Amino acid sequence: MRSVRSIRTQADRRRRRHLRVRKKVVGTAERPRLVVFRSSKHMYAQVVDDTKRVTIVGASDRTDGVKPEGPGKTAKSFALGRHIAEQAKAKGITRVVFDRGGYLYHGRVKAVADGARKGGLEF
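Residues numbered from 1 in each chain as written. Predicted model: local features only at pLDDT ≥ 70, side-chain atom pairs only at ≥ 80, totals over all residues. Heavy atoms only, no water.

(A) The arrangement of the side chain of Asp49 in detail. Within the element layout of this structure, Asp49 appears in strand S2 (residues 43-49). For the buried Asp49, no salt bridge is present, and the opposite-charge side chain at shortest range is Lys52, 4.4 Å distant. Discounting residues that sit within four places of it in the chain, Asp49 has contacts with Gly27, Thr28, Ala29, Pro32, Val54 and Ile56. (Helix = DSSP H or I, 4+ residues; strand = E, 2+ residues; numbered from the N terminus. Buried < 20%, exposed > 50% of the residue type's maximum accessible area, 1.4 Å probe, protein only. Lys, Arg positive; Asp, Glu negative; His and termini not counted. Salt bridge = Lys/Arg side-chain N within 4 Å of Asp/Glu carboxyl O. Contact = heavy atoms within 4.5 Å.)

(B) Region of interest: the sheet that holds strand S1 (residues 33-38). The strand order across the open sheet formed by 4 strands is S3-S2-S1-S4, and the pairing between neighbours is mixed. Two strands bound the open sheet, and with one partner strand each, they are strand S3 (54-60) and strand S4 (97-99). Adjacent strand axes in the sheet meet at a mean angle of 20 degrees when their direction is disregarded. With 3 bridges connecting them, S1 and S4 associate as parallel partners. The partner of Arg33 across the bridge, within S4, is Val97. Lying over the sheet, helix H3 (residues 108-118) contacts S1, S2 and S4, oriented at roughly 145 degrees with respect to S1. (Pairing = 2+ DSSP bridges. Axes fitted to C-alpha atoms, helices over the stretch in contact; angles between N-to-C directions.)

(C) Spotlight on the pairing of S1. Bridge count between S1 and S2: 6 bridges; the pairing is antiparallel. Bridge pairing in S2 places Val36 opposite Ala45. Joining the antiparallel neighbours S1 and S2 is a turn of 4 residues.

(D) Structural view of unusual backbone geometry. Look at Arg53: it is not a glycine, yet its phi comes out positive at around 55 degrees. Tracing the chain through its elements places Arg53 in the loop between S2 and S3. Taking relative accessible area as the criterion, Arg53 reaches 77% and is therefore assigned exposed.

(E) Quick look at the pattern of salt bridges. Summed over all chains, the structure comprises 7 salt bridges. A salt bridge links Arg33 to Asp50; the shortest N-O distance between them is 2.9 Å. One end of the pair, Arg33, is in strand S1; the other, Asp50, is in the loop between S2 and S3, with 17 residues separating them in the sequence. The buried category is assigned to Arg33, whose relative accessible area is 7%. Given a relative accessible area of 19%, Asp50 falls into the buried group. Linking Asp114 and Arg117 is a salt bridge whose minimum nitrogen-to-oxygen distance equals 3.4 Å.

Structure follows, in structure tokens:
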């Protein structure tokens, strides 16, 4: 007999959490959304205006301007946060809404947020 509940993977659970968060978190022109995506090796961040449906700034930890101050993925994530903050400030953005993308606010995701705050963005 087949089970009633289907097997849910970790990625499925993260997508559901992300959708649940996205119901509440909306980026506007005055306060766009800082989105984080975490893969097993790299980090990606974007600043998105949801009203116009356009990405204002985007970067990854492999982008040329990202210079980590130590070894490891967390240091690269912190440097990514500082880099995305510099790019956003150049476009005239100082306040954002942080979208953790369904991930726990811990480790590399927190490092991106801390780097963005250190770079001058206000959450």
